[in-house]
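The chain contents come next:
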Amino acid sequence: MHKFAREFNALRYVIKKSNKILLVAHSGPDGDTVGSVLALKEYLKDKRKLADIACFDPLPPLLGSAFPSQFEYPDHLDLKSYETVIAADSVERGFDKIKNQLLPNQVIVLLDHHPDITLKGDINIIDSSYSSVCEIVYDYLEFTNEQISKNIAASLMLGILSDTGNFQHSNTTARVMEIASSLMRKGISLSKIIDAALANKKISTLKLWGRAFEKAKINPKNGMIITALTKEDIEGCNASTDDIAQLASILNTVPGTKFSLILSERESGVIKGSLRSEDYKGVDVSAIARHFGGGGHILASGFEVKGRIVETDKGWEII
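Residues numbered from 1 in each chain as written. Predicted model: local features only at pLDDT ≥ 70, side-chain atom pairs only at ≥ 80, totals over all residues. Heavy atoms only, no water.

On to the packing of helix α4 (residues 133-143) against helix α5 (residues 150-164). For the pair α4 and α5, the least separation of the axes is 8 Å and the interaxial angle reads 145°. Each of Cys 134, Glu 135, Val 137, Tyr 138 and Leu 141 in α4 lies in contact with α5, whose residues at this interface are Ile 152, Ser 155, Leu 156, Gly 159 and Ile 160. When its residues are assigned to classes, the contact of α4 with α5 shows seven nonpolar, two polar and one charged. (Axes fitted to C-alpha atoms, helices over the stretch in contact; angles between N-to-C directions. Helix = DSSP H or I, 4+ residues; strand = E, 2+ residues; numbered from the N terminus. Contact = heavy atoms within 4.5 Å. Nonpolar A, V, L, I, M, F, W, Y, C, P; charged D, E, K, R; others polar.)

Put into structure tokens, the structure is as follows:
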């Protein structure tokens with residue numbers, strides 16, 4: 001039996017009983033949140049359901065040219081008019097702002113693969129062992145024996161490519177490759193999707209990544225590669241904390257390292273730590289995260305602590 005059999009069956013049931021469904025993409029939308037909401041919207045259209053996509057930011061132009069769709073600002077929608085609300089990917093980056101506006105009789109569904117999600121819905125399909133939310137959506141469609149059209153396949157491939165770094169990150173499992181092969185058989189254009197996935201980077205994001213790479217340090221004793229981003233770093237690049245996504249996975253590809261750690265300052269004196277490793281490196285990063293009160297998957301975990309980041313002769317410290 002599938003580990004999410006109960007949740008998948010519950011999701012199928014509420015979709016069947018709903019006529020109007022709201023899909024929520026996270027702020028600063030990337031390939032995975034875009035791919036998952038577009039795939040779900042296409043699936044719901046085939047079911048003759050009315051579906052809208054809500055997001056606090058517009059669809060990025062390069063993604064929009066390859067995957068045209070309409071993103072609506074939440075304040076422009078009657079949020080209470082939907083029977084079901086499905087938030088897809090990084091649900092604490094946008095959906096958290098509208099959750100309290102929803103009614104008790106509205107069904108809330110959370111789809112996520114990040115290790116540090118604290119929000120709860122009526123149906124929670126959250127597992128950091130998945131490469132992406134698009135992989136979760138594929139699993140749901142396969143479990144419910146739904147036909148995956150060419151358009152759905154292209155959207156799902158967008159999210160998988162985006163969050164696996166074109167199959168280069170440690171979350172590229174054998175299952176991911178099996179799914180990609182299945183999606184390719186639908187006749188999608190892989191080169192077009194790769195261009196859309198990779199080109200979707202703002203100059204502010206690239207500047208912040210450059211600063212993070214420049215400040216990165218390797219500890220030869222334990223194989224850790226670490227970098228830290230202060231609030232001044234983020235503001236100086238005209239970026240946001242949304243732009244930090246993927247950094248831990250990218251740094252984890254540096255030769256000779258066993259795991260990566262990104263420290264980033266957030267609001268209210270909170271520092272977020274994001275940890276990544278790969279199976280063959282033999283490091284359980286969830287154990288490190290638990291030491292700081294966090295948790296997650298063995299290869300992808302996170303934690304939050306109070307303090308601020310300072311650089312010393314020995315490296316980065318939290319005080």
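Moving on, we come to the pattern of salt bridges. Under the criterion given, the structure shown has 11 salt bridges. A salt bridge links Glu 178 to Arg 175; its shortest N-O distance comes to 4.0 Å. You can see Glu 178 and its partner Arg 175 sitting in helix α6 (residues 174-184), three residues apart, about one turn around the helix. Residue Glu 178 is classed as partly exposed on the basis of its relative accessible area of 49%. Classification of Arg 175 as partly exposed rests on a relative accessible area of 28%. Taking the shortest distance from any N to any O, the salt bridge between Lys 215 and Asp 233 comes out at 2.4 Å. Residue Lys 215 is located in helix α8 (residues 203-215), and its partner Asp 233 is located in helix α9 (residues 231-236); the two are separated by 18 residues in the primary sequence. Take Lys 215 and Asp 233: they sit in the same class, and that class is buried. (Salt bridge = Lys/Arg side-chain N within 4 Å of Asp/Glu carboxyl O. Buried < 20%, exposed > 50% of the residue type's maximum accessible area, 1.4 Å probe, protein only.)

For the rest of this paragraph, the subject is helix α1 (residues 5-17). For α1, which comprises 13 residues, the first-to-last C-alpha distance of 18 Å matches the rise-based estimate of 18 Å (1.5 Å per residue) to within 8%. Check the buried side of α1 and you find it contacts β1 (20-25), α2 (31-46), β4 (84-88), β5 (107-112), β6 (123-126) and α4. (Expected span 1.5 Å × (residues − 1).)

This paragraph deals with the side chain of Thr 230. Looking at the element boundaries, Thr 230 is found in the loop between β8 (224-229) and α9. Judged by relative accessible area, which is 14%, Thr 230 ranks as buried. Excluding residues that lie within four positions of it along the chain, Thr 230 makes contacts with Lys 215, Glu 265 and Ile 309.

Attention now moves to unusual backbone geometry. When glycine is set aside, most residues are seen to have a negative phi, and most peptide bonds are trans. The backbone of Arg 48 shows a phi angle near 60°, a positive value even though the residue is not glycine. Mapped onto the fold, Arg 48 is located in the loop between α2 and β2 (50-54).

Moving on, we get to the side chain of Ser 301. Along the polypeptide, Ser 301 turns up in strand β12 (residues 300-306). Reaching out from Ser 301, the side chain makes a polar contact with the backbone nitrogen of Ser 286 at a distance of 3.4 Å. Excluding its chain neighbours within four sequence positions, the residues that come into contact with Ser 301 are Pro 115, Gly 273, Ser 274, Leu 275, Arg 276, Val 285, Ser 286, Ala 289, Gly 295 and Gly 296. (Polar contact = N/O pair within 3.5 Å; in protein donor to acceptor, adjacent residues only side chain to side chain.)

Another aspect to go through is α5. Between the first and last C-alpha of α5 there are 21 Å, a value that for 15 residues agrees with the 21 Å anticipated at 1.5 Å per step. For α5, the tally of buried residues reaches 13 of 15 residues, placing the bulk of the element in the interior. In the segment just after α5, Gly 165 is the residue with positive phi, at about 60°.

Turning to the sheet that holds β4, a few remarks are in order. The sheet built from six strands is open, its strands ordered β3-β2-β1-β4-β5-β6 with parallel pairing. Edge strands, defined here as strands with exactly one partner in the open sheet, are β3 (71-72) and β6. Where β1 and β2 come together, five bridges link them in parallel fashion. Within β2, the position partnered with Leu 22 by the bridge is Asp 52. Strand contacts of α1: β1, β4, β5 and β6, with the helix running at about 130° to β6, the strand carrying the most contacts. (Pairing = 2+ DSSP bridges.)

Turning next to the nonpolar core. Judged by nonpolar contacts, the single largest core of 51 residues is most densely connected at Leu 23, Phe 71, Leu 156 and Leu 183. Looking at this core element by element, the count peaks at eight residues for α5. If we skip the residues at most four places from it in the chain, Leu 23 touches Val 37, Leu 40, Lys 41, Leu 44, Ala 51, Asp 52, Ile 53, Ala 54 and Ile 86. Counting residues in each nonpolar core, the second largest holds 17 residues, with Ala 54, Leu 77, Leu 79 and Ala 87 among its members. (Core = buried A, V, L, I, M, F, W, Y, C linked by side-chain atoms within 4.5 Å.)

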